[in-house]
Amino acid sequence: MLSERRLEVLRAIVQDYVGTEEPVGSKALTERHSLGVSPATVRNDMAVLEDEGFIAQPHTSAGRIPTDKGYRLFVDRLAGVKPLSSPERRAIQNFLDGAVDLDDVVGRTVRLLAQLTRQVAVVQYPSLTRSTVRHVELLSLAPARLMLVLITDTGRVEQRMIDCPAPFGDTSLADLRARLNSRVVGRRFADVPRLVQDLPESFETEDRGTVSTVLSVLLETLVEETEERLIIGGTSNLTRFGHDFPVMIRPVLEALEEQVVLLKLLGEATDSGMTVRIGHENAHEGLNATSVVAVGYGSGDEAVAKLGVVGPTRMDYPGTMGAVRAVARYVGQILADS
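Residues numbered from 1 in each chain as written. Predicted model: local features only at pLDDT ≥ 70, side-chain atom pairs only at ≥ 80, totals over all residues. Heavy atoms only, no water.

1. Thoughts on helix 1 (residues 4-20)
Phase 1: Between its first and last C-alpha atoms helix 1 spans 24 Å; for 17 residues at 1.5 Å apiece the expected length is 24 Å, and the two agree.
Phase 2: Among the residues of helix 1, Leu7, Val9, Leu10, Ala12, Ile13, Val14, Asp16, Tyr17 and Val18 are the ones counted as buried.
Phase 3: For helix 1, the elements touching its buried residues are helix 2 (26-32), helix 3 (39-51), strand 1 (55-56), strand 2 (65-66) and helix 4 (68-78).
Phase 4: With its phi angle positive at about 65 degrees, Glu21 sits one or two positions after the end of helix 1. (Helix = DSSP H or I, 4+ residues; strand = E, 2+ residues; numbered from the N terminus. Expected span 1.5 Å × (residues − 1). Buried < 20%, exposed > 50% of the residue type's maximum accessible area, 1.4 Å probe, protein only. Contact = heavy atoms within 4.5 Å.)

As structure tokens, then:
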């Protein structure tokens, strides 16, 4: 266990290095921070921190910089989440309130996160598997052609065209629409197949083929891979941090282009709490020099998707965590109100 004083020294090193981008020496620490001890004592504390693997010396003439282990201790023990100012909160609300649909909400969210944190922002679309049905609309386009519109509790809208095996009258269509909604509205997507499996049998024989076709399209819509969509923004922000990446920025950019990698990163975030992955804690080699801050968002108690940012390990963790948390809360409110 590190003493409180050595924890304070580590906190000061992280704050100075993040702020100045320069390795930190004992003299500078005692001048900038009220540590209450001499530079010699701070040097001794820094030697202990280095022996324990919390800081390292990048080259012989330099001061010290935090390691992944040092940043981890800082995040776990020393860094509170920095609350946003009132003007920042108002700006977030005003920007997101202007969104007209779910695509606009997600697009605005990724731009906002990138601007607030000056990192790469990643926002996952609400997952259909965690959604509930708000409404199913069926529209007649021709005697044997229908349009199915699925609306979720998160505001997501899916449309499908259906070619029926036989003409389907307006009365039958209204009957199917009413019965379908009575069974599935407010229910989880995963429950829908069980709830509608016997529906065709309740219709006249000549209509059962069309009812089965409609249900087949509905169930396909519920399980399609489109649910694992995400959007990324602010990639150009990484160019500001070129010297933070030990070899070159290309491996980071290549990793960010792989949707599977990003979905896995976000998937590691817990539904409710903040998840911070630092440096080599990220399984993908291309992201070993980055940190990921992610959190779930949703319309209520349950997260329906994740959002977060990717940046260098030399990150303003309290500020980034505060921005990510605040944006997630506002997006959740918008989904709840939509």
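More follows now that the structure is in view.
2. Let's talk about the side chain of Arg314
Phase 1: Turning to its location among the elements, Arg314 is positioned in the loop between strand 10 (305-312) and helix 12 (317-337).
Phase 2: Separated by 2.9 Å, the side chain of Arg314 and the backbone oxygen of Val18 make a polar contact. (Polar contact = N/O pair within 3.5 Å; in protein donor to acceptor, adjacent residues only side chain to side chain.)

3. Here we look at the packing of aromatic side chains
Phase 1: For the structure shown, the criterion picks out one aromatic pair.
Phase 2: Ring centres of Tyr71 and Tyr317 lie 5.6 Å apart, and the angle between their planes is 50 degrees; this geometry places the pair in the tilted category. Residue Tyr71 is found in helix 4, and its partner Tyr317 is found in helix 12; the two are separated by 246 residues along the sequence. Just as Tyr71 is buried, Tyr317 falls in that class too.
Phase 3: Against the face of Phe95 rests Arg108, its NZ or CZ located 5.3 Å from the ring centre. (Phe/Tyr/Trp six-rings, centres within 6.5 Å; stacked < 30°, edge-to-face > 60°. Lys NZ or Arg CZ within 6 Å of the ring centre and 35° of its normal.)

4. What about the sheet that holds strand 5 (residues 145-152)?
Phase 1: Ordered by their spatial adjacency, three strands build an open sheet running 4-5-6, and the pairing between neighbours is antiparallel. Across the chains shown, the open sheet's two edge strands, defined by having one partner strand only, are strand 4 (133-142) and strand 6 (157-163). Adjacent strand axes in the sheet meet at a mean angle of 20 degrees when their direction is disregarded.
Phase 2: With eight bridges joining them, strand 4 and strand 5 adopt antiparallel strand pairing. Bridge pairing in strand 5 links Glu137 to Val149.
Phase 3: Of the strands in this sheet, strand 4 and strand 5 are in contact with helix 7 (residues 170-184), which crosses strand 4 at around 165 degrees. (Pairing = 2+ DSSP bridges. Axes fitted to C-alpha atoms, helices over the stretch in contact; angles between N-to-C directions.)

5. Looking at the pattern of salt bridges
Phase 1: Under the definition given, this model contains 17 salt bridges.
Phase 2: Residue Asp16 pairs with Arg32 through a salt bridge whose shortest N-O separation is 2.9 Å. In this pair, Asp16 is assigned in helix 1 and Arg32 in helix 2, connecting sequence segments 16 residues apart.
Phase 3: Notably, a salt bridge pairs Glu281 with Arg72, separated by 2.7 Å at the nearest N-O pair. With Glu281 in the loop between strand 8 (275-278) and strand 9 (290-297) and Arg72 in helix 4, this residue pair connects regions lying 209 residues apart in the sequence.
Phase 4: Judged by its relative accessible area of 36%, Glu281 is partly exposed.
Phase 5: Counted as one network, the salt bridges with shared partners bring together Arg5, Arg6 and Asp45. (Salt bridge = Lys/Arg side-chain N within 4 Å of Asp/Glu carboxyl O.)

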